[in-house]
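Structural characterization, general
Below are the chains, spelled out letter by letter.
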Amino acid sequence: MTLTGVIRTMPRGLHHRLARPFAGRALQPAILALVAGLLVAHRGIDLAQAGLRAHGSTLLPSAAPASVVSADLLLYAVANLLAFLLYLALAVACLDLRVDGRLRRVVLGAGLLAHLLALTSLPTLSIDAKSYFAHGAIGLVSPGASQYDALTWGVLSSRFGSELVALGWAPPPMPTPYGPLWSAIENAVAWASPSVLAAVYVFKAIALASALGSAWLAWSILGRIRPAFRLAGTVLLLWNPVVLVELSAEGHNDGLMTFFVLLAIELALRGWARRTAVAATLGVLVKWLPAVFAPPIAVHLWRTRAEDEREGRLDRAARAELGRDRRVRLGGHHVVDEGVRRVVQPG
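In this report, the structure presented in the accompanying data block is examined. Predicted model only: the values in this text are computed from it and were never measured.

Some words on the overall build of the protein chain
A tally of helices and strands in the protein chain yields 15 helices and 0 strands. Across the 347 residues of the protein chain, 41% fall into the buried class. For the protein chain, the accessible surface area stands at approximately 18400 Å², while carbon and sulfur atoms represent 67% of it.

Quick look at the structure:
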């Protein structure tokens, strides 16, 4: 089965059955209410994370009263649960084929706004964005060293150490697990950034751009293989609370990896084998995980090429048969014309 097989085998009327709760005139106000609720829920997540960060973050022991921390954790849990419920309801509502261009723009535009708002907050749930800077700063602190042969402990004792500690960072106990493309990005950002905080926001911006690019690719891919699920599928990626928090809010490099995987799928669907190989390779050079997608993409390209070659042979055979038939018919007319001339012009 090719890349499109799983989606194409889904029941054709599935979107009609799932969208029945939003039948009638309630569709537009329901979608607007869901979008507004999602923005409120994600604002609650941001406020909970800000509170946890102010009390020492979720990664470090907190000096705040236990009741205050518990309230922040409760707000975080409730806001996340609400975000997931509204997110799933919005995706189901977007299966309705009556969603017009204006509603689509509202849903996708509000998703863009949610990602931009997530960009403004500092990472709270992980130290990854700070570790990206520390990896890139290894060469600045110890010229000639790299993140593959040295740990980040030396960065902790450098001029960057105090700012990293203030942001809640602690050195990981291992060298970088990332690929050379991401390591080159880490080096460039660390070299060009005036501070650790500026570098963190650069990494978050890369994750944000990757998330939005992935949403655009999802829109394009679904438009090719299952247009009825185009908006709902894009919403499942763009409005996903995990994507919003882990990419635009926390700045993880999984966003760039996902972008290259989806780009490889888009290029494979167009039949561009070499460009597909380049995109897939770039994904592996960020993190090794996209290598698992190489076999199904290769199978799809092989089957598509075999089908194209078979259709090409059939087309050439049909053209040859058509040309042969045309020559026969033209030859028959020539014989008839010669016979008519001999009858009309005897002798």
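Alright, that's what it looks like, and here's the rest.
Let's talk about the environment of Leu112
Mapped onto the fold, Leu112 is located in helix H5 (residues 101-119). Owing to a relative accessible area of 37%, Leu112 belongs among the partly exposed residues under this scheme. With 100 residues separating them along the chain, Leu112 and Leu212 place their C-alpha atoms 7.5 Å apart. If we skip the residues at most four places from it in the chain, Leu112 touches Leu212 and Leu238.

What about the pattern of salt bridges?
Tallied over the full model, the rule gives 3 salt bridges. Of the charged contacts, one joins Arg224 and Glu266 as a salt bridge, the two residues approaching to 3.3 Å between their closest N and O atoms. In this pair, Arg224 sits in helix H10 (residues 196-225) while Glu266 sits in helix H13 (residues 254-269), placing the two residues 42 residues apart along the sequence. The class of Arg224 is partly exposed, set by a relative accessible area of 41%. Using a relative accessible area of 2% as the deciding quantity, one classes Glu266 as buried. Taken together, the shared-partner salt bridges connect Arg224, Glu266 and Arg270 into one network.

Observations concerning the packing of H13 against helix H14 (residues 273-286)
Two elements in contact, H13 and H14, have axes whose closest approach is 8 Å; the angle formed by their N-to-C orientations is 165°. As far as their axial angle goes, H14 and H13 are roughly antiparallel. Relative to H14, the crossing made by H13 is left-handed. Residues Leu256, Met257, Phe260, Leu263, Ala264, Leu267 and Ala268 of H13 form the contact with H14, whose participating residues are Arg275, Thr276, Ala279, Ala280, Leu282, Gly283 and Val286. A per-class count over the contact of H13 with H14 returns 11 nonpolar, 2 polar and 1 charged.

A look at the side chain of Thr152
Within the fold, Thr152 resides in the loop between helix H6 (128-141) and helix H7 (153-156). Non-local contacts of Thr152, meaning those with residues more than four positions away in its chain, are made with Ala134, His135, Ile138, Trp169, Pro171 and Pro172.

Looking at the packing of aromatic side chains
Evaluation of the coordinates by the stated rule reveals 7 aromatic pairs. Taken together, a centroid distance of 5.6 Å and an interplanar angle of 70° make the contact between Tyr132 and Tyr178 edge-to-face. Of this pair, Tyr132 sits in helix H6 while Tyr178 sits in the loop between helix H8 (161-166) and helix H9 (180-192); the two residues are 46 residues apart in sequence, bridging distant segments of the chain. You'll find Tyr132 and Tyr178 in the same group, each marked buried. Taking the centre distance of 5.4 Å and the plane angle of 70° together, the rings of Tyr132 and Phe203 count as edge-to-face. Remark: Phe203 occurs in helix H10 and Tyr132 occurs in helix H6; sequence separation between them is 71 residues. You'll find Tyr132 and Phe203 in the same group, each marked buried. Among the aromatic residues, those joined into a ring-pair cluster are Tyr132, Tyr178, Trp182 and Phe203. The cationic tip of Arg275 hangs over the ring face of Trp272; the distance from NZ or CZ to the ring centre is 4.5 Å.

Let's talk about helix H12 (residues 241-249)
Of all 9 residues making up H12, 7 are buried, and the element is well covered by its neighbours. Those residues of H12 that sit buried are Pro241, Val243, Leu244, Val245, Leu247, Ser248 and Ala249. Where H12 starts, the residue carrying a side-chain oxygen 2.9 Å from the main-chain nitrogen of Val242 turns out to be Asn240. At the exit of H12 stands Gly251, carrying a positive phi of roughly 80°.

Focus on the environment of Ala79
Along the chain, Ala79 falls in helix H4 (residues 66-93). For the pair formed by Ala79 and Ile45, sequence separation is 34 residues and the distance between their alpha carbons is 5.6 Å. The residues contacting Ala79, other than those within four sequence positions of it, are Ala41, Gly44 and Ile45.

Notes on a nonpolar patch on the surface
Residues Trp288, Leu289, Val292 and Phe293 make up a contiguous nonpolar surface patch of roughly 430 Å² in combined accessible area. On the secondary structure map, Phe293 appears in the loop between H14 and helix H15 (294-344). Residue Phe293 is classed as partly exposed on the basis of its relative accessible area of 37%.

Focus on the side chain of Glu266
Side chain to side chain, Glu266 and Ser220 meet in a polar contact 2.9 Å long. If we ignore the near neighbours within four places in the chain, the residues touching Glu266 are Leu217, Ser220, Ile221 and Arg224.

Concerning the environment of Ser162
For Ser162, the position within the fold is in helix H8. Given a relative accessible area of 57%, Ser162 falls into the exposed group. Separated by 34 residues in sequence, Ser162 and Val196 have C-alpha atoms that sit 10.0 Å apart.

Examining the packing of H10 against helix H11 (residues 230-238)
Closest axis-to-axis distance for the H10/H11 pair is 9 Å, and the angle between their directions is 160°. As summarised for this structure, H10 and H11 are arranged roughly antiparallel, according to the angle between their axes. The chirality of how H10 crosses H11 is right-handed. Counting all contacts with H10, which are made through Leu212, Ser214, Ala215, Ala218, Trp219, Ser220, Leu222 and Gly223, the residues of H11 involved are Arg230, Leu231, Gly233, Thr234, Leu237 and Leu238. Taken together, the residues that form the contact of H10 with H11 break down as 8 nonpolar, 5 polar and 1 charged.

Definitions and limits used
Residues numbered from 1 in each chain as written. Predicted model: local features only at pLDDT ≥ 70, side-chain atom pairs only at ≥ 80, totals over all residues. Heavy atoms only, no water. Helix = DSSP H or I, 4+ residues; strand = E, 2+ residues; numbered from the N terminus. Buried < 20%, exposed > 50% of the residue type's maximum accessible area, 1.4 Å probe, protein only. Areas by Shrake-Rupley, 256 points an atom, 1.4 Å probe, with all protein chains shown as cover. Contact = heavy atoms within 4.5 Å. Salt bridge = Lys/Arg side-chain N within 4 Å of Asp/Glu carboxyl O. Axes fitted to C-alpha atoms, helices over the stretch in contact; angles between N-to-C directions. Parallel < 35°, antiparallel > 145°, perpendicular 65-115°, else oblique. Left-handed = near helix turned anticlockwise from the far one by under 90°. Nonpolar A, V, L, I, M, F, W, Y, C, P; charged D, E, K, R; others polar. Phe/Tyr/Trp six-rings, centres within 6.5 Å; stacked < 30°, edge-to-face > 60°. Lys NZ or Arg CZ within 6 Å of the ring centre and 35° of its normal. Polar contact = N/O pair within 3.5 Å; in protein donor to acceptor, adjacent residues only side chain to side chain. Patch = residues over 30% accessible without salt bridge, like charges linked within 9 Å, V, L, I, M, F, W, Y side chains within 5 Å.

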